[in-house]
Amino acid sequence: MPVSRISAAFDKARSDGRSALVSYVMAGDPDLETSYQVLNALVDNGADVIELGAPFTDPMADGPSIQRAGQRSLKAGTTLKDVLALAKRFRETNQTTPLILMGYANPVHLMGYETFAGAASDAGIDGTIIVDLPPEEDMPLREAYAPYELAVIRLATPTTHEARMKTVADGASGFLYYVSVTGVTGAKKPVASDIAPGVQSAQRISGLPVCVGFGIKTGEQAREMAAISDGVVVGSAFVDIISEMEQGKSREEIVESVARLTRELSSGLNRNGGVA
């Protein structure tokens, strides 16, 4: 079952005494073959959960790095169906790593919620983060997901007060994504002590694993966030590496750089000190 695949990943990390590493990449940036090789490099070097970005023309929550990644992907002709096909290819050799599709409501709405839910389940997607679909408006999506047990992963922020957190948690599944800073992805450096109370509130109210993301780019930052959360999300740092193909780096060099950063990040997630 998809949600249980997510649960299993967090349970394993917890039993290992560490936070989970959640890695984001934009599907189709700069092409689908590179994305496929990057996905395998992430898993082979310590990523526990993968967020697979679906490109969109108006990515309001994304910072410059991920916006440019989406533009490169769209320029290459990547569609939502291509993203699902990439997931399905990944599933041919990996049946354990959770795949979370992260994107915006419009392409999913155009495909149709029921059609998308069936196609996502068939492709091996475990859940989605639909950035611009608030809890008050996602009931049709949840109903479409229910037969396939797809997770509805929601966002919380430092400005989410307790009453609102209850709304965010109601109907959410898989995990909660806690946005560590106000603003867009990759724009600021988060401070663990500032957001720890909010993360604790999200954990208490939702009963779900809470992952911290936005602005985490180094092993040291990952270590700080691991101390207060169930998982650490890293996206822009990987996207920035992949963007170097535009400057002439080979696919092999890019994949190796992704692998190196994954190892660095993963090594910082042990809550007991030392390396994981």
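Residues numbered from 1 in each chain as written. Predicted model: local features only at pLDDT ≥ 70, side-chain atom pairs only at ≥ 80, totals over all residues. Heavy atoms only, no water.

1. Considering the sheet that holds strand β3 (residues 99-103)
At step 1: Spatial strand order, β5-β4-β3-β2-β1-β9-β8-β7-β6: nine strands in an open sheet with parallel pairing. Strands at the two margins of the open sheet, each flanked by one partner only, are β5 (151-152) and β6 (154-156). (Pairing = 2+ DSSP bridges. Helix = DSSP H or I, 4+ residues; strand = E, 2+ residues; numbered from the N terminus.)

2. A few points about the packing of aromatic side chains
At step 1: Following the criterion strictly, the structure yields four aromatic pairs and no others.
At step 2: Seen in terms of ring centroids, F56 and Y104 are 5.3 Å apart; in terms of plane orientation they differ by 20°. Their pairing is stacked. Here the residue F56 occupies a position in the loop between β2 (49-53) and α3 (64-75), and Y104 occupies one in the loop between β3 and α5 (105-111), the gap between them amounting to 48 residues.
At step 3: Judged by its relative accessible area of 17%, F56 is buried.
At step 4: For Y104, a relative accessible area of 5% corresponds to the buried category.
At step 5: Relative to Y145, the ring of F116 lies with its centre 6.4 Å away and its plane at 35°, an arrangement referred to as tilted. Within this pair, whereas F116 is found in helix α6 (residues 113-123), its partner Y145 is found in helix α7 (residues 139-145), the two being separated by 29 residues in sequence. (Phe/Tyr/Trp six-rings, centres within 6.5 Å; stacked < 30°, edge-to-face > 60°. Buried < 20%, exposed > 50% of the residue type's maximum accessible area, 1.4 Å probe, protein only.)

3. What about the pairing of strand β1 (residues 20-26)?
At step 1: Along β1, seven of the seven residues are buried, which leaves the element largely enclosed by surrounding structure.
At step 2: Covered by surrounding structure in β1 are A20, V22, Y24 and M26 together with L21, S23 and V25, the residues of both alternating faces.
At step 3: Alignment of β1 against strand β9 (residues 231-234), held across four bridges, turns out to be parallel. Bridging from a neighbouring strand, S23 pairs with V234 of β9.
At step 4: Bridge analysis of β1 against β2 gives five bridges, and the strand direction is parallel. Residue pairing across strands places S23 opposite I50, the latter belonging to β2.
At step 5: At this point the chain moves from β1, through helix α2 (residues 32-44), to the parallel β2, and the crossover so formed is right-handed. (Right-handed = clockwise from strand over helix to strand, strands pointing away.)

4. Things to note about the environment of I195
At step 1: Secondary-structure assignment places I195 in helix α9 (residues 192-206).
At step 2: Through-space distance from the C-alpha of I195 to that of S19 is 16 Å; in sequence the pair is 176 residues apart.

5. A few points about unusual backbone geometry
At step 1: For the bond from D29 to P30, the omega torsion is -10°, close enough to zero to count as cis.
At step 2: By the element assignment, P30 lies in the loop between β1 and α2.
At step 3: Even without being glycine, E149 reaches a positive phi, approximately 55°.
At step 4: With respect to the helices and strands, the residue E149 is situated in the loop between α7 and β5.

6. Brief notes about the packing of helix α8 (residues 162-169) against α9
At step 1: Running from N to C, α8 and α9 cross one another at 50°; their axes reach a closest spacing of 9 Å. Considering the angle they form, α8 stands oblique to α9. Once α8 is placed against α9, the crossing between them reads as right-handed. Across from E162, M165, K166 and A169 in α8, the residues of α9 making contact are G198, S201, A202, R204, I205 and S206.
At step 2: Partitioned by chemical class, the residues of the contact of α8 with α9 number four nonpolar, three polar and three charged. (Axes fitted to C-alpha atoms, helices over the stretch in contact; angles between N-to-C directions. Parallel < 35°, antiparallel > 145°, perpendicular 65-115°, else oblique. Left-handed = near helix turned anticlockwise from the far one by under 90°. Contact = heavy atoms within 4.5 Å. Nonpolar A, V, L, I, M, F, W, Y, C, P; charged D, E, K, R; others polar.)

7. A closer look at the environment of T262
At step 1: As for its placement among the helices and strands, T262 is situated in helix α12 (residues 251-266).
At step 2: T262 sits in the buried class, given a relative accessible area of 0%.
At step 3: Here the alpha-carbon distance between T262 and I195, two residues 67 residues apart in the chain, equals 24 Å.
At step 4: The contacts of T262, once residues within four sequence positions are left out, are L21, L42, N45, G46, A47 and F238.

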